[in-house]
Amino acid sequence: MPPNDQALIRLERVSKTYRMGEVEVHALREVSLSVRQGALVVILGPSGSGKTTILNLVGGIDVPTSGRVVVDGVDIVRYGDAELTAYRRERIGFVFQFFNLIPTLTARENVELAAELVRSPRPTDEVLDAVGLGERAAHFPGELSGGEQQRVAIARALVKNPPLLLCDEPTGELDHETGRRILQVIGEINRGEGRTVLLVTHNSAIAPMADLVVRLRSGTVDSLEENPAPADPAGLRW
Amino acid sequence: MSLLALKLVRDLWQSRWQYLAVGFTVMLGVTLYGATYMSYGNLDASFRHSYDRLRFEDFGVSFHAAPERVAERVRRIPGVRAVEGRLIEDVVIEIPGRSTKKLIGRLISIPSDRRPSVNDLLITRGRYLSGRTAREVILENSFARHHKLRPGDAIEVERAGARARFRIAGMAMSPEYLYVIRSKQDLMPFPDSFGVMFVSGDVLGPLVGKPGLISSIVATTSDPGRRPAIMQEAKRLLDAYGAEEPVAREDQPSHQFLEQDLTSFRAYSVLFPFFFLSVAGLTVYTLLMRMVRLQRPVIGMLMATGFSRRSVVVHYLSASLLVGGLASVLGSAAGFWLSGLVTRFYASFLSVPYIMLVPRWGAILVGVMIGTGVCLAAGILPARAAARTSPAEALRAEVPSSGRVVLLDRVMPGLGKMALAWRIPLRNVFRHPRRTISTVFGVAAAISLIMVSQGLLDSSEAAMDSFIHDTLHDDVRVEFATYQDRGVVNGVRGIPGVIWAEGALEIPVEFRKGDRTYSALLVGLEGSSRLHRLQSEGGERMRPTEAGLLLGQVLRAKLGVEQGDTVLVSLPRTRSEQEPVQRTARVAGFVWESIGTVAYLPLDRARQLFRADLPLPPGAITGVRVKADLRYLPEIRERLLGLPGAGAVNVLADFRRMLDDMLAVMRNVFAIMLLFGMALAFSIVFNMITINVLERSSEVATMRTLGIGRWKILGMITLENALTAAIGVCLGLPAGRFLVSAFIEAISTEEQMELFAFKTVVYPRTYVIAAVAIVIVVLLSQIPAVTQVNRLNLARATKERVT
């Protein structure tokens, strides 16, 4: 999809190159992309295709080598450190593949840690209930299953009430059933609460739940596919 | 409590052993700093306080003999606060019932009806003198203790063939004999041959044939600025009585020695803590840096969630600050407590009358600031570095570099064919340069810490052994109270059990070169002396030479002379109204002796030098040195004591014991440093190894998942740690040796050299002990971490990066 002035997110000719050890990796090559407000976008592609890089750039935790990343009409590439921090704090909810929970804090505390960052967070228990973890809130990450840990990570992202939810392989570490439940939670957040969701995965079976499917290959957009009737995640199989 | 603070507390708890070890390292450094620095402060204050309480002299003047009333004339000099006139006589004394206890006693008169207004005594046992004519003495404390004398015991004074018996009224400390030496030239207290006692002037005068006379005044002044003028005025008043140059407090022998000792102590109190804190600081830095690096993904997550860089840095700094602050406070408290022990120990050794133990808040504050600052500095760089990386990068796994593997494989072509159990550890050493370097540094630092203290102990022991065994070859020696003829040596050679005997002449003199003067002992030795072997600094044998003086290293430094120079040699007890008796002598060479500030001449040359000025008989000697069959030693001692004019008989074994006592403070300081060094070394190694193992949690978990047994993994970890430790040991041993030399260089001030000079000697056993101890600690340190890694949930550890 070409850049669109009405879009919430616009990537304009974005390239990203970084060094990994002694290798120079061209993660993205002049990628352009638009995402409208309230959309659920699934970014598909094999390993090394640049999926996570797009998420990191939109999330303000990485900067492109060239190009513009416009969110809500503002090029966040021009942000300074303080503005980027505020941007991440107020607007972004991250869900990582490896959960990245703090092992020395309980599930509730992991969520509250993020809640402390914003002025009007959602009530922690409400968010934990929403992801089905009300009963397990007092447990430490080490005492939770992978699916439960991922739900804590989603609750942590949601508690700040961010308009944009970025999920990096949220089901990558989970079994099919748990993964499907996580996708249901994400679907509800998108449809029920109207939040924009960018979901990165290599699992093409997830694509049907998206409003927009972006396929990447070797750092370029291979295809863009709009889906006028997204499927219910409960019906997904893989 | 904020959640970040809660996280901090729980993180600290989870890694409590590592943080404890880091804190312990800092605490040791701060404790050592506090203990030594505060001890120095305490001792300094104790001496000053004791001097004030006992009204220690500001100056003194000795003269031949003068009526008691001259003291009153000195008192009238403006600026003089108090004056005490005393008669001082050195006599031979005997302790009844102990036939071998014959020695030189210095009798000093004190008022019997009041306490001295200058140089008062602190009575430690018994009482003060009871009456003007009572035959009572007060013994100087250390002398009484050495001979186990108590109030009520008797002591006999021999004077011109007559004997007088005194009863001991009490024991006391005197500010002018806190360190009991006969003169400036005698650098060591020898309670077996010299003691000080105080007696009523009304008894002493008649006893020594000088009734109503005094031979010294000591005075205090009210205006320090006028003191030089007052001293000169006092000298002018006393010139008619053969006054010597006035001696200011700073030049008073006991005070001067104690000041020198304190100066040396101050050098230790700065150098050791500086070294220890530096090592502790560098180690804590590497440890915290690695610990923070392990937290990179958490830092990435926190920043991705919206925490600012500042709050992330502050969060990680808080851990350093908390550990550093707490450890510093505890270290300062421990340092204060330890300073009390050190002060008491030192004070008891030197008989300091009043001990002042005051918390030195300045030193405590500095200790807390240093300890905390070290941790802050150690924490700030890695925390800032971690927070500076982009969150995305922090979240990404670190990529091992591969180039070094290629390099190693090139150097070791057979590496690829080796068993994995060897290949992996060998490659790991090169693949993780940061880990390898920090471990090598830690092990090298630990070895150095042990070696510095043990090397100093070795060096002091070697210096002592060299003096006792290489320089002195006599077993027993007799010192005469008056000059004797060398014919006595033949008599001594005839005593059964005597293998060899030699005469020696010792004259206290003052050497001068330009504007530099120094008091020392001129020793005349037989040219072919078998019992006193002189050595050059390089260890070559030297002999007294007709070519001139052989000067010890202290004299060389003090006078700043070189071979071939000419120095003035004068008798120090020169009467001021006369031309000073002085001779010139050429410096023929230099000798190295650990103890003593001595110059050597052949016996005859020494006699010739002052024959015209001293009542020296043609073959004058002041002592005989004897090599003996030790089975006959008691009999030989008896016979030597019976020689005419025999003042004291010293056995080398007792001399060694006295040397040990004299060096006890220094050696104890080294021993304490060794304990600290070992504790610090072990905590450093423990930390390094623990982190080494913990850093590899997921690697170990992966290997176990693949089915590699625990013992095999332990073997690989051990091999890698042992390899790095071996590199550390190889670097640490020479570094330790170098540091011993540097330390000896740094503490070998002129003050230190006057007391005890030593060269760098590190015994082979020290290398072995240090290396073996560290290797054992390396191996033992693996246990807790390996146990922890073995308990890992394999599924989680292989998947999760944040554990």
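Residues numbered from 1 in each chain as written. Chains lettered and ligands numbered in written order. Predicted model: local features only at pLDDT ≥ 70, side-chain atom pairs only at ≥ 80, totals over all residues.

Student: I keep staring at the overall build of chain A and nothing clicks. Help me out?
Tutor: On a plain count of helices and strands, chain A comes out with six helices and ten strands. In summary, chain A has a C-alpha radius of gyration of 17 Å against a globular reference of 18 Å for 238 residues, a match within 12%. Dimensions of chain A along its principal axes, counting C-alpha atoms only, are 45 × 40 × 40 Å. The burial tally for chain A puts 52% of its 238 residues in the buried class. Pairs at least 24 apart in sequence give 70% of the contacts found in chain A among residues at least 6 apart. (Helix = DSSP H or I, 4+ residues; strand = E, 2+ residues; numbered from the N terminus. Rg over C-alpha atoms; globule rule 2.2 N^0.38 Å. Buried ≥ 20, exposed ≤ 12 C-beta atoms within 10 Å, placed from the backbone. Contact = placed C-beta atoms within 7 Å.)

Student: Is there a simple way to explain the sheet that holds strand β10 (residues 220-226) of chain A in this structure?
Tutor: Think of a sheet as strands paired side by side through backbone hydrogen bonds, with each pair either parallel or antiparallel. Residue and element names in this part refer to chain A. Spatially, β6-β7-β8-β3-β9-β10 is the arrangement adopted by the six strands of the open sheet, whose pairing is mixed. Each edge of the open sheet carries a strand with a single partner, namely β6 (92-95) and β10. Taking each pair of neighbouring strands and ignoring which way they run, the sheet shows an average axis angle of 15°. Here β6 pairs with strand β7 (residues 164-168) via four bridges, running parallel. Bridge pairing in β7 links V95 to C167. Across the sheet, helix α1 (residues 51-58) lies against β3 (40-44), β7, β8 (196-201) and β9 (212-217), angled at about 150° from β8, the strand it touches most. (Pairing = 2+ DSSP bridges. Axes fitted to C-alpha atoms, helices over the stretch in contact; angles between N-to-C directions.)

Student: Just to check I follow, could you spell out the pairing of strand β8 (residues 162-173) of chain B for this structure?
Tutor: A regular strand places its side chains so that they alternate between the two faces of the sheet. Residues and elements named next belong to chain B. Direction of pairing for strand β5 (residues 122-126) relative to β8: antiparallel, over a ladder of four bridges. Along β8, the bridge assignment pairs G126 with G170. Pairing analysis gives six bridges linking strand β7 (residues 154-159) to β8, with the strands arranged antiparallel. In the strand pairing of β8, I155 is matched with F166. Adjacent in sequence and paired antiparallel, β7 and β8 are bridged by two residues, among which A160 carries a positive phi angle near 50°.

Student: Help me understand the packing of helix α3 (residues 107-115) of chain A against helix α5 (residues 146-158) of chain A in this model?
Tutor: Relative placement of two packed helices is described by the angle separating their axes and the distance separating the axes. Residues and elements named next belong to chain A. Axis separation between α3 and α5 bottoms out at 8 Å; the angle between their running directions is 25°. Between α3 and α5, the interaxial angle falls into the category roughly parallel. As for how α3 packs across α5, the hand of that crossing is right-handed. The segment α3 lies against α5, with A107, N110, V111 and A114 engaging V152, A155 and R156. (Parallel < 35°, antiparallel > 145°, perpendicular 65-115°, else oblique. Left-handed = near helix turned anticlockwise from the far one by under 90°.)

Student: Just to check I follow, could you spell out unusual backbone geometry for this structure?
Tutor: For residues besides glycine, phi is generally negative; the peptide bonds are generally trans as well. Backbone geometry at A:R13 places phi at a positive 45°, although glycine is not the residue there. Structurally, A:R13 is set in strand β1 (residues 9-20). Since 14 C-beta atoms lie within 10 Å of it, A:R13 is described here as partly exposed. In this structure, B:N119 is a non-glycine residue whose phi angle is positive, near 55°. With respect to the secondary-structure elements, B:N119 resides in the loop between β4 (102-110) and β5.

Student: In this structure, what is going on with the interface of chain B and chain A? I would like to understand it.
Tutor: Reports often express the size of an interface as the amount of accessible area lost when the parts come together. In this assembly, 30 residues from chain B lie in contact with 26 residues from chain A. For the side of chain B that touches chain A, the secondary structure elements donating two or more residues are α1 (3-14), α8 (296-305) and α11 (391-395) of chain B. When residues in the side of chain B that touches chain A are grouped by element, the largest group, seven residues, is from α1(B). The residue makeup of the side of chain B that touches chain A, split by class, is 13 nonpolar, ten polar and seven charged. (Nonpolar A, V, L, I, M, F, W, Y, C, P; charged D, E, K, R; others polar.)

Student: Teacher, can you tell me more about the sheet that holds strand β11 (residues 247-248) of chain B here?
Tutor: Residues and elements named next belong to chain B. The strand order β2-β10-β1-β11 describes an open sheet built from four strands, whose pairing is antiparallel. Because the sheet does not close on itself, it has two edges, and the strands there are β2 (80-86) and β11. Pairing geometry for strand β1 (residues 59-67) and strand β10 (residues 213-221), over six bridges, is antiparallel. Considered in β10, the bridge of F59 is made with A219. On top of the sheet, helix α6 (residues 227-238) reaches β1, β2, β10 and β11; it is set at about 10° to β1, its chief contact.

Student: Got a minute to help me understand the environment of A:L224 in this structure?
Tutor: Residue placement: A:L224 occurs in strand β10. In this structure, the C-alpha to C-alpha distance between A:L224 and A:V214, residues ten residues apart in sequence, is 4.7 Å.

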